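Residues per chain, in single letters:
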Amino acid sequence: MHKFCYALLIVMCFSACDEKAVFHEYKSLPNYWERDSAVVFNIEELDSIEKYNLFITLRNTNDYDYSNLFVISELQFPNGKTISDTLEYEMARPDGSWLGTGFGDLKENKLWYKEAFRFSESGMYQIRLKQAMRRNGSVNAIQQLEGIEDVGIRIEKINEYNGSEE
């Protein structure tokens with residue numbers, strides 16, 4: 001009986017956590033993330049009055065050879081204005097163990113992208129993500145980054161009454 005209650009509790013926690021998301025989409029990569037290949041997400045019109053937290057979500061395996069990850073993001077507004085950012089994320093602890101959640105070889109990471117963002121214009125937004133990794137001491141980019149299986153965008157609505165996520 002305890003095992004059943006425990007399993008039910010886990011399922012309820014996972015499903016309750018995902019209720020916050022107004023958008024969450026993953027794109028699977030082939031065997032590697034090509035340097036010049038952007039992962040593109042089209043965001044349909046969201047409430048322009050509400051604020052949202054935006055996250056980059058990743059799934060990596062033990063084939064990922066680095067402790068960090070550099071990403072270049074481009075957020076394009078419906079009017080054509082684009083905001084570009086170069087982002088760095090830690091992927092592993094100093095002892096080499098992976099950050100993120102999951103069992104076995106696959107780890108899932110939820111990485112901050114934009115906090116309290118307002119989709120102020122009506123229309124479709126586009127988010128483009130590219131990897132920008134280099135080996136230590138090299139000026140040349142890594143052309144085919146292995147170990148990143150999926151790249152995603154997650155958008156969560158913020159509850160204005162108490163500042164927390166719904």
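Residues numbered from 1 in each chain as written. Predicted model: local features only at pLDDT ≥ 70, side-chain atom pairs only at ≥ 80, totals over all residues. Heavy atoms only, no water.

Taken in spatial order, the four strands of this open sheet run β3-β8-β5-β6, and their pairing is antiparallel. In this open sheet, the two strands that pair with only one neighbour each are β3 (39–43) and β6 (82–90). In this sheet, adjacent strand axes meet at a mean angle of 20° when their direction is disregarded. With five bridges joining them, β3 and strand β8 (residues 125–131) adopt antiparallel strand pairing. Considered in β8, the bridge of Val39 is made with Leu129. (Pairing = 2+ DSSP bridges. Helix = DSSP H or I, 4+ residues; strand = E, 2+ residues; numbered from the N terminus. Axes fitted to C-alpha atoms, helices over the stretch in contact; angles between N-to-C directions.)

As a further point, take the sheet that holds strand β4 (residues 52–60). The four strands lie next to each other as β1-β10-β4-β7, forming an open sheet whose pairing is antiparallel. The outermost strands of the open sheet, each flanked by one partner alone, are β1 (21–28) and β7 (107–117). With direction set aside, neighbouring strand axes in the sheet form an average angle of 15°.

The phi dihedral of Ala116 falls on the positive side, at around 50°, and the residue is not glycine. Residue position: Ala116 is located in strand β7. Residue class for Ala116 comes out partly exposed when judged on its relative accessible area of 36%. (Buried < 20%, exposed > 50% of the residue type's maximum accessible area, 1.4 Å probe, protein only.)

As defined by bridge partners, strand β5 (residues 68–76) adjoins β6 across nine bridges and the pair is classed as antiparallel. Bridge assignment links Leu75 to a residue of β6, and that residue is Ile83. Once β5 ends, the chain turns through five residues before running back antiparallel as β6, passing Gly80 with a positive phi of about 105°.

Moving on to the environment of Pro78. Within the fold, Pro78 resides in the loop between β5 and β6. Spatially, the C-alpha atom of Pro78 lies 9.7 Å from that of Ser120, the residues being 42 residues apart in sequence. Apart from residues lying up to four places away in sequence, Pro78 is in contact with Glu121, Ser122, Gly123, Met124 and Tyr125. (Contact = heavy atoms within 4.5 Å.)

Take a negative patch on the surface next. A contiguous patch of negative charge on the surface is contributed by Asp63, Asp65, Asp105, Glu146 and Glu149. Among the structural elements, Asp63 can be located in the loop between β4 and β5. (Patch = residues over 30% accessible without salt bridge, like charges linked within 9 Å, V, L, I, M, F, W, Y side chains within 5 Å. Areas by Shrake-Rupley, 256 points an atom, 1.4 Å probe, with all protein chains shown as cover. Salt bridge = Lys/Arg side-chain N within 4 Å of Asp/Glu carboxyl O. Lys, Arg positive; Asp, Glu negative; His and termini not counted. Charge placed at Lys NZ, Arg CZ, Asp CG, Glu CD.)

Right, let's talk about the pattern of salt bridges for a bit. Following the criterion strictly, the structure yields six salt bridges and no others. With its nearest N and O atoms 3.5 Å apart, the salt bridge here joins Arg59 to Asp150. You can see Arg59 sitting in strand β4 and its partner Asp150 sitting in strand β10 (residues 148–157), a full 91 residues away along the chain. One salt bridge in this structure joins Lys110 and Glu156, with 2.7 Å as the shortest N-O distance. With Lys110 in strand β7 and Glu156 in strand β10, this residue pair connects regions lying 46 residues apart in the sequence. For Lys110, a relative accessible area of 42% translates into the label partly exposed. Each of Lys110, Arg154 and Glu156 takes part in a single network of salt bridges with overlapping partners.

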